[in-house]
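Chain by chain, the residues:
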Amino acid sequence: MGKTKSVFICQKCGAESAKWIGRCPSCGEWNSYTEEIIHKEQNSTTKIPHNYSEQTKQKPVLIEQVVATDEKRIDTSSSEFNRVLGGGLVKGSLVLIGGEPGIGKSTLVLQVALRMKGKRILYASGEESTNQIKMRSDRIQQPESECYVVSETSLEQIFVHIKNTQPDIVIVDSIQTISTETIDSSPGSITQVRECAIALLRFAKETGIPVILIGHINKDGNIAGPKVLEHIVDTVLQFEGDRHYMYRILRANKNRFGSTDELAIFEMNNYGLREVVNPSELLLSHAQEALSGIAVSAAIEGVRPFLIEVQALVSTAAYGTPQRSSTGFDTRRLNMLLAVIEKRAGFKLAQKDVFINIAGGLKVNDPCIDLSILAAVLSSNLDIAIEKSTCMAGEVGLSGEIRPISRIEQRIKEAEKLGFNKIIIPEYNFKQLTRKETTIEIVNVKRIEDAFRNLFG
Ligand code: TYD
Ligand code: MG
């Protein structure tokens, strides 16, 4: 029988303490310490043995002498999923997929699992019964792989199932529901999550079998049991989007085997998730005539350019305090931009309600969208529609200047490809352009006034 030890652990950052403390000295969080009982053999391996020179199995090698072998990757038969992983699932890697409840994490991994022809997969779910998984798989598609499912919450049992099925890939849904017998604390607590993740990591590295973990996200948008888990795994993929819209974005937040700029878009329909290969076509509305309050932005999310429609509605405030609300765009930044047009371009919006919506429920981080937000707001305010074939990109500064943006050539190319006739870009970017003869008219602007003059005459 091993010793039982009780420690207090910060549920946010994983710091340990012998007694309860109100505020974590390590991450500054209040009231985050809970008592957890650690019940295991005295960990003698962590002590440095006296005869350590004889204990090592590995020998340090000069870096020039290390023979680099390309990581072997498994094709997941989903081109978008492969891309976000950096070109496929690396053998022996531990991948974490995080996302809010109901966003479609289980659907995504099950779909990938079912499509992997010729592969044997073990899907261990601590959340759903095999019956529920079967019902879900019936909605998605006929399995092409050899996919074994089991409803299991014990880590030790999962290892037994792995031994019995000999899978090529292991999926655990979710890390917060499984627990190991070596620790007494409840599933989902930070020690359980950490211990289970470490055990699965060790398994993946020793056998070369990749393990995909699903992780929950808490209210602040962090993966529960957060930083500790992110440090352990090789890759963290974030699955996001608004549950009420169809689009879901999968992005890499951390990737030891690839770029974190990659992103994939999926559409949730009745038969699972469909890969969206050309996002621009979906994000632009197909209305025949031009409508006021709509501006198209040539944005880049991750590494891919796409054109996004920004919609604005400006109306006279019915109550004393005007409302400012936006979906998919930071409201504080919206307020700032509105202040800029009040001050620099002389439009009076103080008594108006302003609503902003980014089509498709996307959240756009690219600052180039500023210009189209302002253009949409003015278009709605003046009730003058912007030409349907015009798009724009530019960050707006506090003094009303249009600031340069990254990768302009890529944006122009995408706009050209989709048949736009005119693109408005910052002057600085225009000067840097190497390719000046384009089929699309390029308008360069220095200040927001220049852009508005071009758009609204
Ligand atoms: P799910 O994968 O269970 O989410 P998570 O594992 O992230 O909690 O997906 C839940 C939602 O997806 C649910 O509201 C139903 C919807 N859905 C579809 O719209 N179509 C489908 O084919 C499937 C399987 C699910
Ligand atoms: Mg799920």
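Note that the coordinates shown come from a computational prediction; the quantities given were computed from them, not determined experimentally.

K.L.:
I'm lost on the site of ligand 1 in this one. Help?
P.N.:
Around ligand 1 sit 15 residues, and of these Gly-102, Ser-106, Thr-107, Asn-269 and Gly-272 come closest. Between ligand 1 and Thr-107 there is a distance of 2.6 Å, counted from an oxygen atom to a side-chain nitrogen or oxygen. With respect to ligand 1, the backbone of Gly-272 contributes an N or O atom lying 2.7 Å from an oxygen atom. Within the complex, the protein chains bury 75% of what would otherwise be the 560 Å² of accessible surface of ligand 1. The set of elements that each furnish at least two residues to the shell around ligand 1 consists of α3 (105-115), α4 (130-140) and β13 (263-269). Ranked by residue count, the leading element in the shell around ligand 1 is α3, at 3 residues. Its residues placed into classes, the shell around ligand 1 shows 4 nonpolar, 7 polar and 4 charged.

K.L.:
Which parts of the structure should I look at to understand a nonpolar patch on the surface?
P.N.:
Taken together, the side chains of Val-61, Ile-63 and Val-66 make up a nonpolar region of the molecular surface, amounting to roughly 310 Å² of accessible area. Mapped onto the fold, Val-61 is located in the loop between α1 (52-55) and β4 (73-74). Val-61 sits in the exposed class, given a relative accessible area of 53%.

K.L.:
Help me out: how do you make sense of helix α11 (residues 408-417) in this one?
P.N.:
Counting along an α-helix, one turn takes 3.6 residues, and residues three or four places apart therefore face a common direction. Turning to α11, its buried residues number three or more, namely Ile-408, Arg-411, Ile-412, Glu-414, Ala-415 and Glu-416. After α11 finishes, the residue Gly-419 shows a positive phi value of roughly 85°.

K.L.:
Sorry if this is basic, but what is going on with the sheet that holds strand β22 (residues 422-426) here?
P.N.:
The strands that make up a sheet are held in pairs by hydrogen bonds between backbone atoms, and each pair lies either parallel or antiparallel. Spatial ordering of the open sheet is given by β17-β18-β16-β15-β19-β22-β23, a layout of 7 strands whose pairing is mixed. Both outer strands of the open sheet, β17 (324-327) and β23 (441-445), are each paired with one neighbouring strand and no more. Between one strand and the next, the sheet's axes are offset by a mean angle of 25°, whatever the strand orientation. Packed on one face of the sheet, helix α13 (residues 448-456) meets β19 (390-392), β22 and β23 and runs near 170° to β22.

K.L.:
Explain the pattern of salt bridges to me, please; I cannot follow it from the model alone.
P.N.:
When charged atoms on two side chains of opposite charge get close, those side chains can pair. Counted according to the given criterion, the structure contains 16 salt bridges. Across the pair Glu-146 and Arg-120 runs a salt bridge whose closest N-O atoms are separated by 3.0 Å. Of this pair, Glu-146 sits in strand β8 (residues 146-151) while Arg-120 sits in strand β7 (residues 120-125), and the two are 26 residues apart along the sequence. A relative accessible area of 28% means that Arg-120 is categorised as partly exposed. Note that Asp-234 is salt-bridged to Arg-256, the shortest N-O span being 2.7 Å. With Asp-234 in the loop between α7 (226-232) and β11 (235-240) and Arg-256 in the loop between β12 (247-255) and β13, this residue pair connects regions lying 22 residues apart in the sequence. On the basis of relative accessibility, which here comes to 46%, the residue Arg-256 falls in the partly exposed class.

K.L.:
Looking at this structure, how should I read the packing of α3 against α4?
P.N.:
Each pair of packed helices can be summarised by the angle the axes make with each other and by the distance between the axes. Interhelical geometry of α3 versus α4 gives an angle of 70° and a closest axis separation of 10 Å. Looking at the two axes, α3 sits roughly perpendicular to α4. For α3 against α4, the interelement crossing comes out right-handed. For the pair formed by α3 and α4, the contact residues are Ser-106, Thr-107, Leu-110, Gln-111 and Leu-114 on the first element and Ile-133, Arg-136, Ser-137 and Ile-140 on the second.

K.L.:
How should I be thinking about the domain arrangement of the protein chain in this particular structure?
P.N.:
Interface size, as often reported, equals the accessible area lost upon joining of the parts. For the protein chain, the domain assignment lists domain 1 (4-41), domain 2 (74-277) and domain 3 (281-456). Here the C-alpha centroids of domain 1 and domain 2 sit 28 Å apart.

K.L.:
What should I look at first to understand unusual backbone geometry in this one?
P.N.:
Most of the time, phi is negative for any residue but glycine, and the peptide bond is trans. Here the bond from Asp-173 into Ser-174 is cis, since omega is -5°, no more than 30 degrees from zero. Within the fold, Ser-174 resides in the loop between β9 (169-173) and α6 (190-207). Positive phi, close to 55°, is recorded for Ser-77, a residue that is not glycine. Inspection of the secondary structure assignment puts Ser-77 in the loop between β4 and α2 (79-85). You can call Ser-77 partly exposed: its relative accessible area is 36%.

K.L.:
Just checking my understanding: could you explain the nonpolar core for this structure?
P.N.:
If you look at soluble globular proteins, the nonpolar side chains tend to sit buried side by side. Core analysis: the biggest nonpolar cluster contains 61 residues, and Ile-341, Ile-356, Ile-358, Ile-373, Val-377 and Ile-423 have the highest contact counts within it. For this core, the element with the most residues is helix α10 (residues 369-382), which contributes 8 residues. Residue-level mapping places this core at the junction of two domains, with at least three residues from each of domain 2 (74-277) and domain 3 (281-456). With near-sequence residues (within four places) excluded, Ile-423 lies in contact with Ala-298, Cys-391, Met-392, Arg-411, Ile-412, Ala-415, Ile-440, Glu-441, Ile-442 and Val-443. By size, the runner-up hydrophobic cluster in this structure holds 30 residues, among which are Tyr-123, Ile-140, Ile-169 and Leu-273.

K.L.:
In this structure, what is going on with the packing of aromatic side chains? I would like to understand it.
P.N.:
Geometrically, a pair of aromatic rings is defined through the distance of the ring centres and the angle of the planes. Inspection of the entire model under this criterion finds 4 aromatic pairs. Taking the centre distance of 6.1 Å and the plane angle of 75° together, the rings of Phe-239 and Phe-266 count as edge-to-face. You can see Phe-239 sitting in strand β11 and its partner Phe-266 sitting in strand β13, a full 27 residues away along the chain. Ring geometry for Phe-347 against Phe-452: centres 6.5 Å apart, planes inclined by 85°, an arrangement best described as edge-to-face.

K.L.:
Teacher, can you tell me more about the sheet that holds β7 here?
P.N.:
Pairing within the open sheet is mixed, and its 9 strands lie in the order β8-β7-β9-β10-β6-β11-β12-β13-β14. Each of the sheet's edge strands pairs with one partner strand only, and the pair in question is β8 and β14 (272-276). Here the strands of the sheet are splayed against their neighbours by 25° on average, with no regard to which way each runs. In terms of strand pairing, β13 meets β14 through 5 bridges, oriented antiparallel. The residue bridging Phe-266 from the neighbouring strand is Glu-275, located in β14. The strands touched by α6 are β6 (94-99), β9 and β10 (211-216); relative to β10, the strand with the most contacts, the crossing angle is about 160°.

Parameters at a glance
Residues numbered from 1 in each chain as written. Chains lettered and ligands numbered in written order. Predicted model: local features only at pLDDT ≥ 70, side-chain atom pairs only at ≥ 80, totals over all residues. Heavy atoms only, no water. Near = heavy atom within 4 Å. Polar contact = N/O pair within 3.5 Å; in protein donor to acceptor, adjacent residues only side chain to side chain. Areas by Shrake-Rupley, 256 points an atom, 1.4 Å probe, with all protein chains shown as cover. Helix = DSSP H or I, 4+ residues; strand = E, 2+ residues; numbered from the N terminus. Nonpolar A, V, L, I, M, F, W, Y, C, P; charged D, E, K, R; others polar. Patch = residues over 30% accessible without salt bridge, like charges linked within 9 Å, V, L, I, M, F, W, Y side chains within 5 Å. Salt bridge = Lys/Arg side-chain N within 4 Å of Asp/Glu carboxyl O. Buried < 20%, exposed > 50% of the residue type's maximum accessible area, 1.4 Å probe, protein only. Pairing = 2+ DSSP bridges. Axes fitted to C-alpha atoms, helices over the stretch in contact; angles between N-to-C directions. Contact = heavy atoms within 4.5 Å. Parallel < 35°, antiparallel > 145°, perpendicular 65-115°, else oblique. Left-handed = near helix turned anticlockwise from the far one by under 90°. Domains from an automatic or database assignment. Core = buried A, V, L, I, M, F, W, Y, C linked by side-chain atoms within 4.5 Å. Phe/Tyr/Trp six-rings, centres within 6.5 Å; stacked < 30°, edge-to-face > 60°.

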